[in-house]
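# Survey of secondary and tertiary structure
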Amino acid sequence: MKRSTRLLRLTAVAATAVVALAACGESADPSSGEGGITPDTLVISGVPAEEGTDLSNTYAPLIDMLEQELGIPVEFQPATSYAAVIEGQRTGKIHIAQYGPLAYYQAVQTGSDVSVLGAMVKEKGVEPGYVSYGVVPAGSDIETIEDFAGKKLCFVDVSSTSGYLYPLKGLLDAGIDKGDWEEVQAGGHDASALAVASGDCDAGFALDSMVDSTLIEKGDIAEGELEVVWKSDTIVEPPITVYNGLETELREQIAQIFADQANQDHLVANGFCEEGACDLTDQRIWGWQPVEDNYYDSLIAVCDATQAEACNAA
């Protein structure tokens with residue numbers, strides 16, 4: 001199947017957030033419901049941007065709110081790779097999943113019956129979108145991405161949109177042939193940036209907020225320790241999805257919650273977290289908001305340009 005056809009399928013799935021579909025996977029001790037399953041415990045999962053981070057605390061306000069609204073237990077299930085999240089949601093063992101854009105693309109291509117609840121929003125009122133950085137140690141003689149040829153480069157993971165797919169396009173656009181670099185998969189955006197700062201990689205890639213704020217605020221790097229020598233085009237924000245095998249009314253309720261209540265304003269106003277201490281996920285977002293059906297279509301152009309193996313998941 002051509003990638004254009006696959007992305008049409010992806011977009012169509014994103015548009016069916018409240019369409020009833022028959023359950024096609026297993027969940028832990030589910031009870032039957034009209035149009036799907038109602039699990040004893042609703043499971044949320046995702047992959048940390050920072051290697052080794054415990055995401056459960058960063059989802060705690062959302063989990064508390066979902067439990068109150070839905071009347072069932074909700075738990076966070078940690079994962080170390082998007083492949084594990086994709087498989088868990090495809091089989092119905094994970095009911096809500098936070099993906100990177102490319103991982104979502106892979107999930108749909110490999111048979112996951114999921115719908116997009118919304119995209120991450122870093123700040124209230126700001127349009128969804130972020131960029132990938134190409135970074136080098138301060139004082140490096142590497143001044144542009146063209147200078148990355150023949151160097152040891154740190155990426156995040158082959159399923160990472162900002163940590164691999166867009167950087168790959170940047171390298172190819174710079175006239176560097178595939179393989180004309182030594183490749184390291186660091187496992188996290190923080191690990192990639194820190195490996196560059198320590199000199200373990202000559203250059204590397206990480207999402208913008210990791211370099212601009214997260215690692216500096218944590219004291220892991222000093223301001224100015226890394227120099228940004230390349231920025232990607234704007235990348236679509238990561239989606240959070242729901243498993244379509246859930247009982248129809250439950251799935252509709254979850255979709256409504258994410259449209260109206262999965263944000264700092266609501267969570268603070270209703271006592272689920274405190275003002276100034278309510279950043280959600282390890283990317284410290286304001287919340288999630290619905291996006292247009294074609295929001296993730298830009299991935300097809302990047303996949304066509306890179307012919308990345310991850311885009312051809314089947």
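Residues numbered from 1 in each chain as written. Predicted model: local features only at pLDDT ≥ 70, side-chain atom pairs only at ≥ 80, totals over all residues. Heavy atoms only, no water.

## Points about the state of the cysteines
Just so we agree on the cut-off: A pair of sulfur atoms, both from cysteines and within 2.5 Å, is called a disulfide here. Put simply, DSSP H or I for four residues or longer makes a helix, DSSP E for two residues or longer makes a strand, and each gets a number counted from the N terminus.
Tallied over the entire structure, the rule returns 3 disulfides. Each sulfur of the disulfide joining Cys154 and Cys201 lies 2.1 Å from the other. Linking Cys154 and Cys201, the disulfide has an S-S dihedral of approximately 55 degrees and is accordingly described as right-handed. A residue pair is termed long-range when its members are at least 10 positions apart, and Cys154 in strand E8 (residues 152-155) and Cys201 in the loop between helix H6 (189-198) and strand E10 (203-207) qualify at 47 residues. A sulfur-sulfur separation of 1.8 Å characterises the disulfide bridge that pairs Cys273 with Cys278.

## Some points on the pairing of strand E6 (residues 114-121)
Residues in a regular strand point their side chains to alternate faces of the sheet. Where we set the bar: Throughout this description, buried means an accessible area under 20% of the type-specific maximum (1.4 Å probe, protein chains only), exposed means over 50%, and partly exposed covers the range between. For two strands to count as paired, DSSP must find a minimum of two bridges between them.
Counted residue by residue, E6 has 8 buried out of 8 residues, so it is predominantly covered. Pairing between E6 and strand E12 (residues 239-243): 5 bridges, direction antiparallel. Bridge pairing in E12 links Val116 to Thr241. The sheet contact formed by E6 and strand E13 (residues 287-289) spans 3 bridges and is antiparallel. Looking at the pairing, Val121 lines up with Gly287 of E13.

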